[in-house]
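Below, each chain spelled out in residue letters.
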Amino acid sequence: MDDHSPARLLTAEKPWSARPLLAVHVLGPFLVTLDGVPAGLWHGGRNESLFAYLLTHRNPWPSRETLMHVFWPGSTPEAARNSLNVALHGVRRALRTVTERPIVRFLGNRYGLDPAVRLWLDVDEFDRHLRLARRRRLAGEADAAIREYEVADGLYRGDLLAENPYEEWPVLPREQWRLAHIDALDHLGELSFEAGRYAAAAGLCARVVEGDPCRETTHRRLMVCHSRQGQPHLALLQHRACADALWRDLGVEPSPETQALYQRIRRHEPV
């Protein structure tokens, strides 16, 4: 086992369930609690961003040099090291509002979370419920898949570190989780549609195309939902929204399948 392995830090004799629970929300508004008590005094986005980075890069723990490069790439080594120390001091000061135990540890030139503390992280739970939803759907368990997708949707309170839009490292994972959430809504809408829950499916489809206006299959599903609810005028308006988005963003016309659906709805044919 490596000297910097977090397992070597496990010194508490308490059972796992009795150890402190650190719950952290990084999707949407940043929130940290320890055993239900909020930690405060973060004093700016850099401290929050650094702590979020440590929690989302746990295996392996990031080195001091990695953190200096990620957060202060244009600084001299000495300036970056000083800035890192200041930011870490801010993180630890915020965490001391709820506990005196050292939540962030330094070992073998690496920083990480004390493994004697249980961690609940919203992005971990979001990913876990998406995996469960996919398994349930593949197994033909539609109702169970819907429940898992709904839990994942509830966990997504907003984009990753939404209150810190100018930090550089979250840009790629922020977009990955945003698209994963849109995909989850799309799958949920499809399952609701297959179950004949057209009002629920329509609401989900609307959220999908709001986040991804060029998702043509979802526009078509929404058109069918409106038509089957006796609202063909809304279906025709949705076709216009689809065509506008495709032309504006991609410079293309709707597909023949979308055009054929539009014509059927115009002729008041069942769809």
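Note that the structure is a prediction, hence the values are computed from the model and not measured.

Novice: Help me understand unusual backbone geometry, please; the structure alone is not making it clear to me.
Specialist: Trans peptide bonds make up most of the peptide bonds, and negative phi angles are found at most residues other than glycine. Of note, the bond from asparagine 59 into proline 60 is cis; its omega dihedral lies within 30 degrees of zero at 5 degrees. With respect to the helices, strands and loops of the structure, proline 60 is situated in the loop between helix 1 (45-56) and helix 2 (64-71). Within the chain, leucine 41 stands out as a residue other than glycine whose phi angle is a positive 60 degrees. With respect to the secondary-structure elements, leucine 41 resides in the loop between strand 3 (37-38) and helix 1.

Novice: Quick question: what am I supposed to make of the nonpolar core here?
Specialist: As a rule of thumb, soluble globular proteins bury nonpolar side chains together. Leu22, Val24, Val26, Val32, Trp42 and Phe51 are the most contacted members of the largest nonpolar core, which totals 53 residues. Residue contributions to this core peak at seven residues, all from helix 3 (residues 77-95). Counting residues in hydrophobic clusters, the runner-up holds six residues, among them Met223, Val224, Ala235 and Ile265.

Novice: Where do I start with the confidence of the model for the protein chain in this structure?
Specialist: A low pLDDT score tells you not to read the predicted coordinates there in detail. Model confidence for the protein chain is summarised by a mean pLDDT of 93, while 94% of its residues fall at 70 or above. This model gives residues 1-12 a pLDDT under 50, and the stretch forms 21 contacts once residues within four places in sequence are excluded.

Novice: What is the right way to read the sheet that holds strand 6 (residues 118-121) from this model?
Specialist: The strands that make up a sheet pair up through hydrogen bonds in the backbone, lying either parallel or antiparallel. Ordered by their spatial adjacency, four strands build an open sheet running 3-2-1-6, and the pairing between neighbours is mixed. The sheet terminates laterally at strand 3 and strand 6, the two strands that pair on one side only. Relative to strand 2 (residues 31-34), strand 1 (residues 21-25) runs antiparallel, the two being bridged by four bridges. Note that in strand 2 the partner of valine 24 across the bridge is valine 32.

Novice: Any chance you could explain the packing of helix 7 (residues 198-211) against helix 8 (residues 216-228) here in plain terms?
Specialist: For any two helices packed against each other, the geometry comes down to the angle between their axes and how far apart the axes lie. Remark: helix 7 packs on helix 8, axes separated minimally by 9 Å, with the N-to-C direction vectors making an angle of 150 degrees. Relative to helix 8, the element helix 7 lies roughly antiparallel. In terms of crossing hand, the pair formed by helix 7 and helix 8 is left-handed. Facing Tyr198, Ala201, Ala202, Cys205, Ala206, Val208 and Val209 of helix 7, the residues of helix 8 in contact are Thr218, His219, Arg221, Leu222, Cys225 and Arg228. For the contact of helix 7 with helix 8, the residue count by class is nine nonpolar, two polar and two charged.

Novice: Whenever I open this one, the packing of aromatic side chains confuses me. Can you help?
Specialist: Where two aromatic rings form a pair, the distance of their centres and the angle of their planes describe that pair. Throughout the structure, instances matching the rule amount to eight aromatic pairs. Aromatic pair phenylalanine 30 and tryptophan 42: ring centres 5.2 Å apart, planes at 90 degrees, arrangement edge-to-face. In this pair, phenylalanine 30 is assigned in the loop between strand 1 and strand 2 and tryptophan 42 in the loop between strand 3 and helix 1, connecting sequence segments 12 residues apart. Pair check on accessibility: phenylalanine 30 and tryptophan 42 agree, each one buried.

Novice: Would you mind going over the pattern of salt bridges with me for this structure?
Specialist: Where charged atoms of side chains with opposite charge meet at close range, the side chains can pair. Enumeration according to the criterion identifies 20 salt bridges in this entry. Of the charged contacts, one joins aspartate 212 and arginine 215 as a salt bridge, the two residues approaching to 3.0 Å between their closest N and O atoms. Across the pair arginine 264 and glutamate 269 runs a salt bridge whose closest N-O atoms are separated by 3.8 Å. The structure contains a network of salt bridges with shared partners spanning Asp183, Asp186, Asp212, Arg215 and Arg221.

Novice: What is the right way to look at the environment of glycine 211 in this model?
Specialist: Relative to the helices and strands, glycine 211 resides in helix 7. Judged by relative accessible area, glycine 211 falls into the partly exposed class, the value being 27%. C-alpha separation for the pair glycine 211 and proline 73, spaced 138 residues apart in sequence, amounts to 32 Å. Discounting residues that sit within four places of it in the chain, glycine 211 has contacts with Arg178 and Ile182.

Novice: Would you mind going over the side chain of aspartate 114 with me for this structure?
Specialist: You can see aspartate 114 is positioned in the loop between strand 5 (110-113) and strand 6. Exposure remark for aspartate 114: the relative accessible area of 0% places this residue in the buried category. Within the structure, aspartate 114 has its side chain in polar contact with the side chain of arginine 105 (distance 3.3 Å).

Novice: Please clarify how helix 2 should be interpreted in this entry.
Specialist: Because an α-helix packs 3.6 residues into every turn, residues spaced three or four apart end up facing the same way. Regarding helix 2, the residues found buried are Arg64, Leu67, Met68 and Phe71. For helix 2, the buried positions fall inside an angular range of 100 degrees around the axis, keeping them on one side. Buried residues along helix 2 sit in contact with helix 1, helix 3, strand 4 (104-107) and strand 5.

Novice: Explain helix 6 (residues 171-194) to me, please; I cannot follow it from the model alone.
Specialist: Between the first and last C-alpha of helix 6 there are 35 Å, a value that for 24 residues agrees with the 34 Å anticipated at 1.5 Å per step. Taken together, the buried positions of helix 6 are occupied by Pro173, Arg174, Trp177, His181, Ile182, Ala184, Leu185, Asp186, Leu188, Gly189, Leu191 and Ser192. Within two residues after helix 6, glycine 196 carries a phi angle of roughly 80 degrees, on the positive side.

Conventions and cut-offs
Residues numbered from 1 in each chain as written. Predicted model: local features only at pLDDT ≥ 70, side-chain atom pairs only at ≥ 80, totals over all residues. Heavy atoms only, no water. Helix = DSSP H or I, 4+ residues; strand = E, 2+ residues; numbered from the N terminus. Core = buried A, V, L, I, M, F, W, Y, C linked by side-chain atoms within 4.5 Å. Buried < 20%, exposed > 50% of the residue type's maximum accessible area, 1.4 Å probe, protein only. pLDDT = per-residue confidence, 0-100. Contact = heavy atoms within 4.5 Å. Pairing = 2+ DSSP bridges. Axes fitted to C-alpha atoms, helices over the stretch in contact; angles between N-to-C directions. Parallel < 35°, antiparallel > 145°, perpendicular 65-115°, else oblique. Left-handed = near helix turned anticlockwise from the far one by under 90°. Nonpolar A, V, L, I, M, F, W, Y, C, P; charged D, E, K, R; others polar. Phe/Tyr/Trp six-rings, centres within 6.5 Å; stacked < 30°, edge-to-face > 60°. Salt bridge = Lys/Arg side-chain N within 4 Å of Asp/Glu carboxyl O. Polar contact = N/O pair within 3.5 Å; in protein donor to acceptor, adjacent residues only side chain to side chain. Arc of directions from axis to C-beta. Expected span 1.5 Å × (residues − 1).

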